[in-house]
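So you can see what is in the structure, the chains are spelled out below.
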Amino acid sequence: MKKKSGFTILELAIVIIFAGLAVVLFFVQKSNMDAMERDEDRKTAINAMYYALEEGFYAKNKYYPETISESNLTVMDPKLFTDPNGVNLGQEGSNYTYTPANCEDGKCKEYTLRAELEKEDAYIKKNR
C-alpha cells in the first residue's frame, strides 16, 4: 500500500479552530488593555486637577473656583482637561466632572472631581 503524506481535513479544521480562538482571545484582551489604559489616563487627569486646585489655586486664593478651566488652573497641562474621548471638562458627554459646593460670590469651600471609568467604579477626589 502506498502511504500518502499531508494533512487530513479534520487536522486542518482543528488547527484553524485553535488559530481562530487565539485571534479572538488576543483582540478581547487587547480591548481590555486599551480600556484599562484609558482609565489610567482619566485618573492621571483627575489627580492633576486635584493637585492644581490644592497646591496652586487654593494655596494662593484660600478658596476654590466655581468652575475650572485652563484659565484658572494654569499650573497644569491644558490637554488634561480633555478626556480620552476628546470631550472637554464641562461639556456634555465628558468623563470628567467638577462639582463645587458651599459657594458664595464665586468662592467655594468644597468641591468634588469625578471621572467615569470603563473597567472600574468612578474615580472621585474631594477637597482636603
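Everything here concerns the structure above.
Let me begin by describing the structure that accompanies this report. Here the structure is a predicted model, which is why all the values come from computation and not from measurement. Each chain carries its own residue numbering, running from 1 in the written order of its sequence. With the structure being a predicted model, the display of local features is reserved for residues of pLDDT at least 70 and the display and counting of side-chain atom pairs for 80 or more, all residues being used for whole-chain, interface and lining totals. Just so you know, side-chain values use all the structure's heavy atoms and leave hydrogens and water out.

Okay, the nonpolar core next. Within this scheme, the nonpolar core is defined by two criteria: the residues are buried Ala, Val, Leu, Ile, Met, Phe, Trp, Tyr or Cys, and they are joined through side-chain atoms within 4.5 Å. The buried label applies to any residue whose accessible area, calculated with a 1.4 Å probe on protein chains only, is under 20% of its type's maximum; exposed applies above 50%, and partly exposed to all values in between. In this structure, Met 49, Ile 68, Leu 73, Tyr 98 and Leu 113 are the most contacted members of the largest nonpolar core, which totals 20 residues. Under the DSSP-based scheme used, a helix requires at least four consecutive residues in state H or I and a strand at least two consecutive residues in state E, with every element numbered from the N terminus. Of all the secondary structure elements, the ones that give two or more residues to this core are helix H1 (9-61), strand E2 (96-104) and strand E3 (107-115). Ignoring anything within four residues of it in the chain, the contact list for Ile 68 reads Met 49, Leu 53, Leu 73, Phe 81, Leu 89, Tyr 98 and Leu 113. The contact definition used throughout considers only heavy atoms, calling two residues in contact when any of these lie within 4.5 Å.

A covalent bond between the sulfur atoms of two cysteines is what we call a disulfide. Note on terminology: disulfide denotes any pair of cysteine sulfur atoms within 2.5 Å. If you walk through the whole model with that rule in mind, you get 1 disulfide. The disulfide partner of Cys 103 is Cys 108, and the gap between their sulfur atoms is 1.9 Å. Between Cys 103 and Cys 108, the S-S torsion sits near 100°, and that sign places the bridge as right-handed.

A few words on the packing of aromatic side chains. Remark: the centre distance and the inter-plane angle together describe each pair of aromatic rings, the angle taken between the planes. Note on aromatic pairs: the rings of Phe, Tyr and Trp (six-membered ring only in Trp) are paired at centre separations within 6.5 Å, and the planes decide the class, stacked below 30 degrees, edge-to-face beyond 60, tilted for the rest. Applying the stated criterion across every chain, the model contains 6 aromatic pairs. With a centroid separation of 4.6 Å and 20° between ring planes, the pair formed by Tyr 58 and Tyr 64 is classed as stacked. With relative accessibility at 3%, the residue Tyr 64 sits in the buried group. Linked through ring pairs, Tyr 58, Tyr 64, Tyr 98 and Tyr 111 together constitute an aromatic cluster. Criterion for a charge above a ring: Arg CZ or Lys NZ at most 6 Å from the ring centre, at most 35 degrees from the ring normal. Cation over ring: Lys 125 sits above Tyr 50, and NZ or CZ is 4.5 Å from the ring centre.

Time to look at the environment of Ala 13. By secondary structure assignment, the location of Ala 13 is in helix H1. Considered as a pair, Ala 13 and Gln 29 are 16 residues apart in the sequence and their alpha carbons are 24 Å apart.

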